[in-house]
Structures are given as C-alpha cells and as structure tokens.
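# Examination of the molecular architecture
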Amino acid sequence: MEQLKTIGRELAMGSQGGFGQSKEFLDLVKSIGEARSKAEEERIVLLEIETLKRRLSEPDIPKRKMKEYIIRLVYVEMLGHDGSFAYIHAVKMTHDDNLLLKRTGYLAVSLFLSDDHDLIILIVNTIQKDLRSDNYLVVCAALNAVCKLINDETVPAVLPQVVDLLAHPKEAVRKKAIMALHRFYQKSPSSVSHLVSNFRKRLCDNDPGVMGATLCSLFDLITIDANSFKDLVVSFVSILKQVAERRLPKAYDYHQLPAPFIQIRLLKILALLGSGDKQSSEQMYTVVGDIFRKCDSSSNIGNAVLYECICCVSSIYPNPKLLEQAAQVISRFLKSDSHNLKYMGIDALGRLIKISPEIAEQHQLAVIDCLEDPDDTLKRKTFELLYKMTKSSNVEVIVDRMIDYMISINDNHYKTYIASRCVELAEQFAPSNQWFILTMNKVFEHAGDLVNVKVAHNLMKLIAEGFGEDDDDADSQLRSSAVESYLRIIGEPKLPSVFLQVICWVLGEYGTADGKYSASYITGKLCDVAEAYSNDESVKAYAVTAIMKIYAFEISAGRKVDFLPECQSLVEELSASHSTDLQQRAYELQAVISLDAPAVESIMPPDASCEDIEIDKNLSFLNGYVQEALEKGAQPYIPENERSGVLDISNFGNQDHHEALTHSLRFEAYELPKPVMPSRVPPAAVASSTELVPVPEPSYARETRQPASLPSVSDAGSSELKLRLDGVQKKWGRPTYSSSASPSTNSSSSTSHKTTNGVTQVDSVGTSNSKARDTYDSRRPQVEISPEKQKLASSLFGGPSKTEKRPSSVNHKASKASTHTSEKSQAPKAAAVQTEVNSEPAPDLLDLGDSTSSSSAPAIDPFKQLEGLLDQTDVASNVNHGTAGAAKTPDFMGLYADTPVSGLGSSVGDLLPTNRDEFNLTSELSNATRTAQGGVTQFNKGPNPKDALEKDSLVRQMGVTPTSPNPNLFRDLLG
Amino acid sequence: MIRSVMVINTQGKPRLSKFYEFQPVEKQQELISSVHGVLSGRAENVSNFVDAESIFGPDTRLVYKHFATLYIVFVFDSSENELAMLDLIQVFVETLDKCFKNVCELDVVINYSKMHTVLDEIIFGGQVLETSSTEVMKAVEEISRLEAASNAISLVPKSVSAWRSR
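Quick summary incoming for the structure in this document. (Residues numbered from 1 in each chain as written. Chains lettered and ligands numbered in written order. Predicted model: local features only at pLDDT ≥ 70, side-chain atom pairs only at ≥ 80, totals over all residues.)

### As for the overall build of chain B
The cut-off we apply is this: A run of DSSP states H or I qualifies as a helix once it reaches four residues; a run of E qualifies as a strand once it reaches two. Both are numbered from the N-terminal end. Three classes are used. A residue is buried when 20 or more other C-beta atoms lie within 10 Å of its own, exposed when 12 or fewer do, and partly exposed in between, with C-beta atoms placed from the backbone. Placing C-beta atoms from the backbone, we regard two residues as in contact once those atoms come within 7 Å.
Scanning chain B from N- to C-terminus turns up seven helices and seven strands. Along chain B, from the amino end to the carboxyl end, the secondary structure elements read β-β-α-β-α-β-β-α-α-α-β-β-α-α. A burial count over chain B gives 59% of its 166 residues as buried. For chain B, the proportion of contacts with a sequence separation of at least 24, taken over those separated by at least 6, is 46%.

Encoded structure:
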C-alpha cells in the first residue's frame, strides 16, 4: 500500500526529476489558466491560500509535502497575494539537510523576504553553517540567499566565510563568492573596503568565468573612483586583447564571437579609466581599433560590442582614426533596417557628437527618419540627440518638434521631462523674446500642470525685468505682446492652473500699461477667469490681486474708477470665502479702492514688481512696543532653545534615539576599527560628470598621433604587460604565447593600422558586412527624399541663410536668460552657457549647408557592388555546405518560417545554432514547417518530430492561456 | 545592474518574476502590470528597447523579447548595454530550450522552481554571472543530479517512468 502511494505520487510529478510538481499544483495552474476573469482568478487563488493555511496548520507535515506547499505559495505570491503566513515554514525548510528541500527553502525565502525582515535573524545562523558546507551546491544556495537577504547589519556575520570561499576549488563557488562580496560592497561599502584587493586578485583567476564576474565588481568600483585603478589599465588592455584573439575556451564563444560579454564589460571599464586621461587612453587605441576591425557586424552581439567600442572611443582621449571607425559603424547602424540598431546608432551619435560635431551632418536624413518613426523609444532617443545638438540656429525647429510630440503623448512622466527640456532649451537659446514667450505659452498650455512652478516664476520675472538691454521700448513692446497673447489664450477652456496664474499676474501688472485695453476690459476678463476656475483658490487669489493692481494703477493715474458689477459680486463672494487668504485679498481690494491717489501710489507703485523690498528681519520697528511692554512688567522673551524644560525633554529624546541606534545585533564580539569609505556615488551622476569633461576640439586635431609613434606606444604597453599579467597569459594562452609573442603582435597591429589609415573603407571586418553596406548604398539613391524632409533637415542641421545672423546676440541673451533663473539651477546652467560660448568662435561645423551634405553622400562603387554580389553567392554556398552559413542569419529567434530551413537538406550536422534556437513557443506554426524542423532536429540531441508535434498539440490543448477553448486540460499529461 | 527579470504572457499574467532589489508584493504586481501595459501597446516591428523611467524610476531601461505567448523582460540601468541584454535574454531562452527540449509556456509554468535555478545561474544578485548557455546547462544538470540523489523517493525504479510514459 505504502509503495503504491509512492508510485502514485511519482506519477503525478512531471518528467523533470527533482523539479517535478504534484497534481494539485498542476490543477492550480490549470484552473488559473482557465479563469475567464480577473475576479475568478482571484477567487481561485484565495481558495488556494485557504487550503494552504489549513494544511500548514496540520501537525507533522511530511517534508516532501511541505516543499510542495512552499512552491505553491511562491506561485501564489507571484500572482500578487500575500503569503506571509507561511514565511516561517520556508525559513524552517532552509534548515533541512536534504539538498532539494534546502534549495527550495532558500529560493522561497529569497523571494519572500526583504533584507530587513524580522525572520532574517533566524536564517543567518543557517547561512553561516551552510557557507562552510562540504557540498558546493549547499554553499551556492547559501551564497544566493546571502545576496538577497544580508543587509549592512548582518554583513559582518557572514563576511569571513564569504572571503574564505574566494579560494574555493570550485569555480562556480568562487564566482558567486566574488559577486556576494560585490553585493556587500554595494550595501555597505565601509564593511568591505579593506577587501578591495580581493577583487584585483580574482582578476587573475584561471577560470574566465570568475574573471568575468570580477569585472562586474571592478566596473562598479571604478565608476566610483577611477584614479585608484589606473594601474590596471595595462592588465585590462591585455585581457581584452587576449579575449579578442580567441584565447579563451571555446565555450565562451557566443555566436562565433569570442566572449562578447566580457569584451563589453572590459570596454566599459576602459572607457571609464581612459576618460580625460591621455596616457591611459593611448594604451587602449590599438586594442579598440582591433576590435573595431574584427567584430562581426552581422550578429546582434557583434553590434553590441561595436556599440561599446564607440562608447569607449567617445569617452577616452580622442583619437582621429578611432573616431573615423566609430563614425563608420554609426552610419551602418543608422542605415540598418533594424530599429534596435537605429536606436543604438542614435545613441552613439549623441555620444560622438560631443567630440566631432561634424558627423551629425552626414546623417541628417537618417535622424529625421528616426524622428518620424512610429516607435516611441526611437523617437525619444532622437529627441535626446537633438537636445544635445541644439544651437541658436536650430532651436526653433527642435523645440517646435518637441512641443508637437509633447502634445501628442499621454505619458505624464515623459511629458514632464520633455516640457522641462523645452523650457531649458528655450531659456538657453531663444532667438527672440517674442518667440520665447510664445514657446513658453505653448508649453504651459499643454503641460502646465507638469512644469515646475519655478519655470512660471522665471517667465514672470523675465517679462517683468525685460531682457536687460536698457531698452525700455523693447521691454514694453515685449510686455504688450505678452498681454495680447494672453488675452487671446485666456478664453480657451481648461487651462492649467500654473499658466492661469502667470496670465493673471501679467495682465494685472501690464494689462493697462500701454493703454491699448481699458481697465474695465481687463478686469472683466480677470473676473471671468476667477469665475470659470472657481474651485482653484490660487488662481482666484492671483485674479483678485491682479484686479486690485489694475484699479490701483487707474486711481494713481488719476482716472475715475468704475467698479464693475461682476467685480463687486466676486469681491463679495471672496470676502465670505473659507480661505482666509482669499478673504484678506478681497478686503484689501476694497480698502485700496477707497483710498486717494497719493496713498494708492505709495502702496502700489506701477511696474515695481522687480524692485527690492527691504525686510527688517530683526523687527527693530517693534523695539519701542517691546520696551513699553517690559516697562509695564511683561516677562522678557526667552528663545526656545534656552528654555530649561524643553531642553531636558529634547535631550532625553536624543539619548533614546541613540540607544535605539546602537542596539543592533552583533554577531561577533569585536571588530577592528574600519576606515570610513565615501558612500557610493550614484552612477548617473558619475556618468554625467564624465560627459562634461571638456574636450577642446582644435587641440586634439593638432595632437593627432602619427602612425610612426605607434610601435613605441604598444611596445611600452607590452613590456609593462609582461610584468603584470604573465599569470593570465599562461593560464589561457596557447602554450606558444609568451613574452616572445610581443614583437609579432606589434607588427601585426602596426600593419593593421596601415589598412585603416587608407581613406577607403577596405575592411578586414568581414565581407558580409561590406555586403550589407553595399546594399544600402545601392538602394539609397533610389529612395526619394521628400522636399519637406529636406527642408526640415536643413533647418535642423543648419541651412545657409540662418547661420550668420544670430550667434553673438543670442548668446548674450542666453547668458542673460540663465541669470534670470533661480539660484538652484544657476550653476549648471551657467556652465552650459559657458561651454556654448566657448565653442562659438570655432567655425560652425554643423552648418555646412545642403550642398556639401549631398556631395558627401557615399557614391556607388561598382567594384563594391560586384563584391556584394560575389558575397551573396558565397553566403548561399555556405548555407549549402552547412559551414558558417547559419551564423550569418542575423536573428535566429526572429522566428523560423523563413530562410534557414530551406537549404538544410545536407547540412544538418553543422547547423546547430539554428536548431538549438528553434523555439516551440509558437503554436501557430504551420504543420509543414514543423515537420521540416522535426526532420532537422533528429540529428541533434533534440526530440524527434513526433515528440515535438505531440508537445505542440498538448500545449494547444492545455490552453495555458485562458483564450483557449479546450477544457480538457492536462488529461493527457496526467493519464 | 539588472533590476528585474520578468516573464509575462500576452494576457499580462506573470509567469516568472524576480526582483533583485526587494519589492513588496503589491508593488511587484503594479510593476508587472504597468510593464505589460507598455509592452502590449507596442507594434510588431519596433525596437526591443523601452525607456522604463516612468515605471522603475530614474536611470532604468527595459529590453524585451516577444516569443509566441510570452514576453521576456529584463530591466536594468545604464551600466549595461541594451544589445547585450537582448542577447542575454537569448542566452536565457536558449538555456531553457535546452533544459526543456523545445520550451513552451507550459514548461515555464510547471517547472517554476527550475526556471529560478536556471536564472540564478545566469544572473546573480543583479549582475551577469554566466553568459555561456552550455556552462549554465552543466551547472543546472549537476544540481538536478545531486538533488535527485539526495532525494530518497527518486529511488523508485526507472521502469516505473517507462511504464508511465506508455
């Protein structure tokens, strides 16, 4: 009987050995899959929770069952329901000796608990024990949990064990230990700061996996402080070189590229280390150039490495040859049909444009295409690029585009962002005041509630102060145009509150200033506003104050005031308002209009909003009153912090607080005093600071390195390299690779440089890639470019007519505008303006005009076309021979149906990649292709076609997705 | 750093979710459903990248891949390369495919804990740990083997499973 039960249980499990689930779990999944509505799903899950609660409260649950419950609970929690009643059971399960149960327990707790959960304390002890276990899987499971569950308080408890594990014989453990250490560093830098040397040591680990993991940690460390790792530049360069030369085990090849993920990580690190450091950068040029040439641009991952190269090139000290290579890659990206590559191209262009602004001009049409692309991601990236290349000559077009886009989207987060971008650009580059005000009006009209209130204040300030040109005429003209535009807008429904405030304020100050509009007209409008937005108190307050100002100006100008009936009713309404602020304003208004002209003029002088009001912070005018009171026997004032009773209490509170802080748990008796580490700088900040490193263009052009100097540089590099990293070489290199290899690499590198030196793009990159380019080239001239687009291009990238006029005056204005901004934003903005001014004297590289752009468009080279043709046949034959053909189809997962299957007949053996990638996720696949695939997969380790078919039909029957009509779920599976 | 990995089906049901920085359960649901909202609104032939700042906070982006009924989504910050993440999804899926022999949504649902095992071998504490799917497979197979060995119940004779598969 007992045995039968066991067999039954075994039957219920899937075919996945230790990972199998019971029938009940499958039932749960099934019923949730079948649920027709969210409510039904909810009901099922709640029922399941009830069941689990009941079961878990039973005594003596068999361990196996318990594991099952925990898994079900994890599932339930993933669906968004609270499973906290069973956390303790998961914790208990981590104590179990059985590996399967222990792992399940760790999985559950690391999904359930946060690092400051109360139950963590119960796990720490188990983790400590497991980290010392002989079974490396137990250690791995514990390390996994460590990453998720240990916080800065508990780090000391496990730190020694984790450090010991860095020397574990299993590379899987070393790898995870280094990651765990890195995690500690993220969570509490001070507790592991004395262990940083371990990261350096692990860099020389003889397992590439461990080395790769170490790179992640080093990347973070270097992001925080690049200077203390400058000595590693040589090592990184040499590792990168070896990786690129395929000295790592074949297992790390990915789509026939040697360890691309490690290459990417290394390039990222080099970018950080070489930023603004000429000496370090020079050591990198050769290897980065090599990668540019070697990288296969037909695969996704190859492009990822190329992109990273561009990032690196644009971050390190500029090298013209590398920049040229980078520009070539960018143009390939932008011309690609893949949106992903376009996206990367735009991003890369944004990086490179800081160093060589002229490259944007070649790609203007591509950029505009991206701008008009339906893909939002791409569009936003393009706006980012445009933002970076905005100048006074193209600001109008760019900001107009941004506003158009802003109006078209609903995503508030991005709307806010792009609105602030518009404001920033308008403030910096506005070609005219008129334009500025109109632009701001648009921004406020469409995103008013999302814009920072400060911007509104800046706008008011700007209108009030004018543009500081000592030209009162211009200022008053500006104001009257502002008033006019606001009177036009004011009638529109549903204006944002902030915008209305600006309107009210401007109308109040300047509505009657030029005498064009009568006071009653303006006040009438203001009353309308107050009425239309009657539930917005701040608008009402602005409106009533504006009315007061207008009447005051009228009175002080000696004109007779006729109080409009709607004003009267508004004031009456407000003086009975719940808001004391509104009441006060209403009463003030009434008081002001009853005064005579001289009094009103001293209260409300016209156009005096910019005059400083002196505030007497000491309240010295009250001294007399205080004196009088004291003489009458009043108690003198004691400042709050000197009052004795209060002092005691607050001190007490402080002490208590201290107690609480020091009352944390200690896992060890004493620790050595630790040096204080600077807290982690957010990466974003660092990134932006590196971006801001000024790279004066003319200087690098002069310092162009001559090819002749190359050998010496790499010589120096390699000799130093021998000292540092011979360990690494021995471990991965072929036995032949030793110090003697350095001359040969030298020569090879210099020759390769010669090839890149040639002006034409003769590539050693690989024929496939030249083929790709050729197809673009040949296609390109046929594409008709609409005149509209061309016009846009010329306005974005500089047309001949616009270039000359503005720069000087606008820059002047720009700096003015920025001084208007509030103190907070002042510093960065001023800096930005500064750089803008600096770059101004240089010839405007982007404004080369249309004629040059068209001539620089690549002409069709008949030879290359021929090459392209040859190449195509090449590829075809490759497929037939089943050699590298498979690798050339760019995206395997791009889901079958098309090419690779056709020519497979004889080539099955070698086509591993395609088969491996064959995905059975589509059930819609036609049967014909399916059998074809089946035929192919036979030769692999994959299942035979019959299996595939069965599985496919099973999936369809199962209806894991609720749309499936078939209710016969799981019948086949469960028998 | 990688912030999160999600597997969501086209109906918006989570099939696997892992957050490398702790998120309370309700927050997880909210994130998943807003990610699904964004993804389901995207057309077929657009890029695989989405700016995720409105969902996950500053400096986050998201790469997704759409397979039949599933979206596989990685959320990460600027220290990672978008294209490389796309390929990491590929590695993940390739590994699953090797594990389950033509993986499908059903496999993903049923073998919930195995999915986690695979993922843990690829991404560890938010960092990319291993990028070679053969290595990952080796590790996962080793784990299954040892787990099975430590499990007394699995001593049931092999003939039983043979009998069952008839």
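### Examining the packing of helix H5 (residues 87-94) of chain A against helix H6 (residues 99-112) of chain A
Residues and elements named next belong to chain A. To keep things clear, this is the line we draw: An axis is simply a line fitted to the C-alpha atoms; with a helix, the fit covers only the stretch in contact. Between two such axes, the angle follows the N-to-C directions and lies from 0 to 180 degrees. In what follows, roughly perpendicular refers to angles from 65 to 115 degrees, roughly parallel to angles under 35, roughly antiparallel to angles over 145, and oblique to any angle outside these ranges. Handedness of each helix crossing follows the sense of rotation of the near helix against the far helix: counterclockwise by less than a right angle gives left-handed, clockwise gives right-handed.
For the pair H5 and H6, the least separation of the axes is 7 Å and the interaxial angle reads 140°. Considered as vectors, H5 and H6 are oriented oblique to each other. Seen along the crossing, H5 lies across H6 with a hand that is left-handed. For the pair H5 and H6, the contacting residues are Tyr87, Ala90, Val91, Met93 and Thr94 in the first and Leu101, Lys102, Thr104, Gly105, Tyr106, Ala108, Val109 and Phe112 in the second.

### A closer look at the pairing of strand E1 (residues 2-9) of chain B
Residue and element names in this part refer to chain B. Heads up, the rule is: By this definition, two strands are paired if DSSP reports at least two bridges between them.
Of all eight residues in E1, eight are buried; the element is thus mostly enclosed. The pairing of E1 with strand E5 (residues 70-76) spans seven bridges and is antiparallel. Directly across from Val5, in E5, lies its bridge partner Phe74. Bridge analysis of E1 against strand E2 (residues 14-19) gives five bridges, and the strand direction is antiparallel. Residue pairing across strands places Val5 opposite Lys18, the latter belonging to E2. What sits between the antiparallel neighbours E1 and E2 is a turn of four residues, in which Gly12 has the positive phi angle 95°.

### Examining the environment of B:Glu130
Residues and elements named next belong to chain B. With respect to the helices and strands, Glu130 occurs in the loop between strand E7 (127-128) and helix H6 (133-149). Judged by C-beta crowding, with 24 C-beta atoms within 10 Å, Glu130 ranks as buried. Along the backbone, Glu130 and Asp120 are 10 residues apart, and their C-alpha atoms lie at a distance of 9.5 Å.

### With respect to the nonpolar core
The nonpolar side chains of a soluble globular protein tend to be buried, and buried together. Residue and element names in this part refer to chain A. To keep things clear, this is the line we draw: The term nonpolar core refers to a set of buried Ala, Val, Leu, Ile, Met, Phe, Trp, Tyr and Cys residues connected through C-beta atoms within 7 Å. By convention here, the domain bounds are inherited from an automatic or database domain assignment.
Within the largest apolar cluster, 268 residues are counted, with the highest numbers of intra-cluster contacts made by Val146, Cys309, Ile310 and Cys504. Sort the elements by how many residues they give to this core and helix H30 (residues 537-556) lands first, with 13 residues. Mapped onto the domain boundaries, this core takes at least three residues apiece from domain 1 (390-480 + 766-773 + 802-858) and domain 2 (514-606). Setting aside residues up to four positions removed in sequence, Ile310 forms contacts with Ala326, Val329, Ile330, Ala348, Arg351 and Leu352.

### Details of the environment of A:Pro318
Following the sequence through the fold, A:Pro318 ends up in the loop between helix H17 (300-315) and helix H18 (320-335). Placed 36 residues apart in sequence, A:Pro318 and A:Glu282 show a C-alpha to C-alpha distance of 9.3 Å.

### Quick notes on helix H29 (residues 519-532) of chain A
Residue and element names in this part refer to chain A. Convention followed: By this rule, a helix spans an expected 1.5 Å times one less than how many residues it contains.
For H29, which comprises 14 residues, the first-to-last C-alpha distance of 20 Å matches the rise-based estimate of 20 Å (1.5 Å per residue) to within 8%. Among the residues making up H29, those that are buried are Ala519, Ile522, Thr523, Lys525, Leu526, Cys527, Val529 and Ala530. Along its buried surface, H29 packs onto helix H27 (472-489), helix H28 (497-510), H30 and helix H31 (565-575).

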